[in-house]
Amino acid sequence: MPNTTGPDQIFQRALAEQEVLLPKCDDCGAFHFFPRVLCPHCHGTAISWQRASGKGRVHTTTVVRRKPERGGDYNVCMVELEEGVRFMSRVEGIAPGDVVIDMAVTAFVGETEDTPIVLFRPAEV
Amino acid sequence: MTDQLRGKSAIVGTGHAGFGEAHGLTSFDVMAQSALAALGDAGLKLSDVDGLFCTMMEDSMPALMAAEYLGIQPRFIDGTMLGGSSFVNYLTSATMTLDAGLCDVALIVYGSTQRTASGKLVTASRPPAYEAPYNPRYPISAYAMAAARHMHEYGTTREQLADVAVAARAWAQHNPEAFERGPLTREDVLGARMVGDPLTVRDCCLVTDGGGAIVLVRADRARDFPKPPVYVLGSAAQSAHRQISQMKDFTVTAARESGKRAFAAAGVSPGDIQAVELYDAFTINTILFLEDLGFCAKGEGGAFVEGGRIAPNGVLPVNTNGGGLSCVHPGMYGIFTVIEAARQIRGDAPGIQLNDIDVALAHGNGGVLSSQVTAILGSQATL
Ligand SMILES: [Zn+2]
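Treat the numbers as computed from the prediction; the structure is a model and nothing was measured.

Novice: Describe the nonpolar core, and please don't skip the residues or the numbers.
Specialist: Grouped together as the largest cluster of nonpolar side chains are 148 residues, with contacts concentrated most on A:Phe87, B:Leu216, B:Leu290, B:Phe295, B:Ile376 and B:Leu377. Contacts of B:Leu290, omitting those with residues within four sequence positions, involve B:Val276, B:Leu278, B:Phe295, B:Cys296, B:Phe304, B:Val305, B:Ile310, B:Leu316 and B:Val318.

Structure, rendered in structure tokens:
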């Protein structure tokens, strides 16, 4: 990529290297997501990147019902990371209906249509 | 809107067209038929319209397309697109524009043939980049996650959600204009096909064709028209987010703020409202908005709607036409909350006409609980 300095590009490039980076505001110290050129909390423009802890909890969840011949049901949920930001994602490795609110989950980088994406699995106890 | 604008504009005509299935017609055809119906109701002509307030699901410049189709050259256009709340929001801009003398006859109008055109929700918007890879079903996954969180925090039950749909159907059964008028029980809703847990297909709004239109003029000439004028006593908007993943608290909507300001502008409180018309895209919406608008406390919405309390002969009349769940839902329902509120006040509601309605509330929701707009309408007696 000739120019990988934009916030989305930085996030995606890290993801391609199996790494989840989170934007963090130098001024107020808060994380935000999605990546952007300013902090949505204090509107500061000095943004640094920090590797995500990967630890989170399911904030809310649903099962998208889909016919078996089209691939069957799947999970869509919101995960709140320790850093205080939320990702839309899905929890893999368990049935979509077994994903419950407050469940502890761990992030990993998976793939969809050859593009890396952030996914979660139940945290090991 | 501030209280300076209280009662400065009035609805003098309402109209609709193409409810249910409008075979062979386009969205713009239904839009135009709705405009003609509302202008006919007001005793006005299309050539009288000099302010247009319109958005559609088609075209990137839908208000210009609508003006062109109608053969009018408005001197003022507002095409602000906030989703389904846009049409309640236009009550504010129409009132401001009329009051400032920037137009004399304001037409709010919408139409869609999403049912006969495709059977699916038509949307020009692209899935958000950080949500699309997970394939949420737009928009139900968003509302399902709000419902799940509300159930988790407050113990709201699927039975209570179902009772919202059952109440809407009970109103619709008396409304010849409503699309779904068959019997519907709590068991029917719970046993229907699950589409996005915890919501079944009966927790979801209809997919129909239909259009609606509203004509407003300045209050000083509002009594010169055939129908009793319905005044805009207060209206207010608040935006929260665009994408559901950015919603801060999945159990609280911006209706808290829009409602607070609309009530303040109108000088009334929830206890004064005699008919409540809410944008019920999903059963959870009705519960959230009743709480956030102050009809009950946060977390008590489930109990508030339970067992026919918002049905005919209940405690509070909510969605007296049958709502988006049972009357009509052509992509965006917002304009119909205003039309039903106005007709209840005028005394010509198509279904159950409540007695002596002087103050009614219309509430629009846009996007995925993203934009909330509240309007309070009143009869001549409320001025
Ligand atoms: Zn900041």
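Novice: Requested: an account of the side chain of B:Thr156, with residues and values cited.
Specialist: Residue and element names in this part refer to chain B. Within the secondary structure, Thr156 sits in the loop between helix H5 (140-154) and helix H6 (158-172). Engagement of the side chain of Thr156 in a polar contact is seen with the side chain of His150, the distance being 2.6 Å. Residues in contact with Thr156, not counting those within four places in the same chain, are His150, Met151, Ile287 and Gly302.

Novice: Run through the packing of aromatic side chains, naming residues and quoting values.
Specialist: Pairs of aromatic rings are described using the distance from one ring centre to the other and the angle between the two planes. The final tally for this structure, using the stated rule, is 14 aromatic pairs over all chains. Seen in terms of ring centroids, A:Phe34 and B:Tyr130 are 6.2 Å apart; in terms of plane orientation they differ by 20 degrees. Their pairing is stacked. With A:Phe34 in the loop between strand S1 (21-25) and strand S2 (47-51) and B:Tyr130 in the loop between helix H4 (114-117) and H5, this residue pair bridges two chains. Their ring planes at 90 degrees and their centres at 5.6 Å tell us that B:Phe87 and B:Tyr90 sit as a pair that is edge-to-face. Of the two residues, B:Phe87 and B:Tyr90 both sit in helix H3 (residues 86-99), three residues apart, roughly one turn of that helix. By relative accessible area, which is 0% here, B:Tyr90 ends up buried. Site record: aromatic cluster; members linked through ring pairs are A:Phe11, A:Phe33, A:Phe34, A:Phe87 and B:Tyr130.

Novice: Outline the sheet that holds strand S11 (residues 371-378) of chain B, supporting the account with residue identities and numerical values.
Specialist: Residue and element names in this part refer to chain B. Read from one edge to the other, the open sheet built from nine strands follows the order S3-S2-S4-S7-S1-S8-S11-S10-S9, with strand pairing classed as mixed. In this open sheet, the two strands that pair with only one neighbour each are strand S3 (76-78) and strand S9 (275-278). Recorded for the sheet is a direction-independent mean angle of 20 degrees between the axes of neighbouring strands. Inspection of the sheet shows strand S1 (residues 9-20) paired to strand S7 (residues 209-218) by nine bridges, in the antiparallel sense. Among the inter-strand pairings, Gly15 is bridged to a residue of S7, identified as Ala213. Set on the sheet, H3 makes contact with S1, strand S2 (51-54), S3, strand S4 (106-112), S7, strand S8 (230-239), strand S10 (359-366) and S11; between it and S4 the angle comes to about 160 degrees. Its contacts with the sheet place helix H12 (residues 334-346) against S1, S4, S7, S8, S9, S10 and S11, and it is angled at close to 120 degrees to S1.

Novice: Give a description of the interface of chain B and chain A that names residues and reports values.
Specialist: Listed per partner, the contact involves 24 residues of chain B and 29 residues of chain A. Taking both sides of the interface into account, the surface hidden between chain B and chain A amounts to around 2300 Å²; carbon and sulfur atoms contribute 56%. Where chain B meets chain A, there are one salt bridge. Measuring nitrogen to oxygen at the nearest pair gives 2.7 Å for the salt bridge that ties B:Asp197 to A:Arg65. The tally of links from chain B across to chain A stands at 14 residue pairs in polar contact (both at pLDDT 80 or more). Element by element, the count of residues in the side of chain B that touches chain A is highest for H5(B), at six residues. When the residues that make up the side of chain B that touches chain A are grouped by side-chain class, the tally is 12 nonpolar, seven polar and five charged.

What counts, and at which threshold
- Residue indices follow the written sequence of each chain, beginning from 1 at its first position.
- Written order decides the labels, with chains lettered from A and ligands numbered from 1.
- Selection of residues for local features in this predicted model requires a pLDDT of at least 70, selection of side-chain atom pairs for listing and counting requires 80 or more, and totals for whole chains, interfaces and linings are taken over all residues.
- Hydrogen atoms and water are omitted, and side-chain values are computed over all heavy atoms in the structure.
- Residues belong to a common nonpolar core when they are buried Ala, Val, Leu, Ile, Met, Phe, Trp, Tyr or Cys residues joined through side-chain atoms within 4.5 Å.
- Three labels apply to residues, based on accessible area from a 1.4 Å probe with only protein chains included: buried if under 20% of the type maximum, exposed if over 50%, partly exposed otherwise in between.
- Two residues form a contact once any of their heavy atoms are found within 4.5 Å.
- Helix and strand assignments follow DSSP, with helices taken as H or I runs no shorter than four residues and strands as E runs no shorter than two, numbered in order from the N terminus.
- Polar contacts, as counted here, are pairs of nitrogen or oxygen atoms within 3.5 Å of one another; within protein the pair requires one atom able to donate a hydrogen and one able to accept it, and residues that are adjacent in sequence qualify only if both atoms are side-chain atoms.
- By convention, a stacked pair of Phe, Tyr or Trp rings (six-membered ring in the case of Trp) has centres within 6.5 Å and planes under 30 degrees apart, an edge-to-face pair has planes over 60 apart, and any other such pair is tilted.
- Two strands qualify as a pair provided DSSP detects at least 2 bridges between them.
- Helix axes use the C-alpha atoms of the stretch in contact, all axes being lines fitted to C-alpha atoms, and the angles between their N-to-C directions lie in the range 0 to 180 degrees.
- As a working definition, buried area equals the accessible area (1.4 Å probe) given up by two parts on being put together, with both sides summed.
- Basic side-chain nitrogens of Lys or Arg form a salt bridge, by our definition, when they fall within 4 Å of a carboxyl oxygen of Asp or Glu.
- Following the grouping adopted for this structure description, the nonpolar residues are Ala, Val, Leu, Ile, Met, Phe, Trp, Tyr, Cys and Pro, the charged ones are Asp, Glu, Lys and Arg, and the polar ones are all others, Gly among them.

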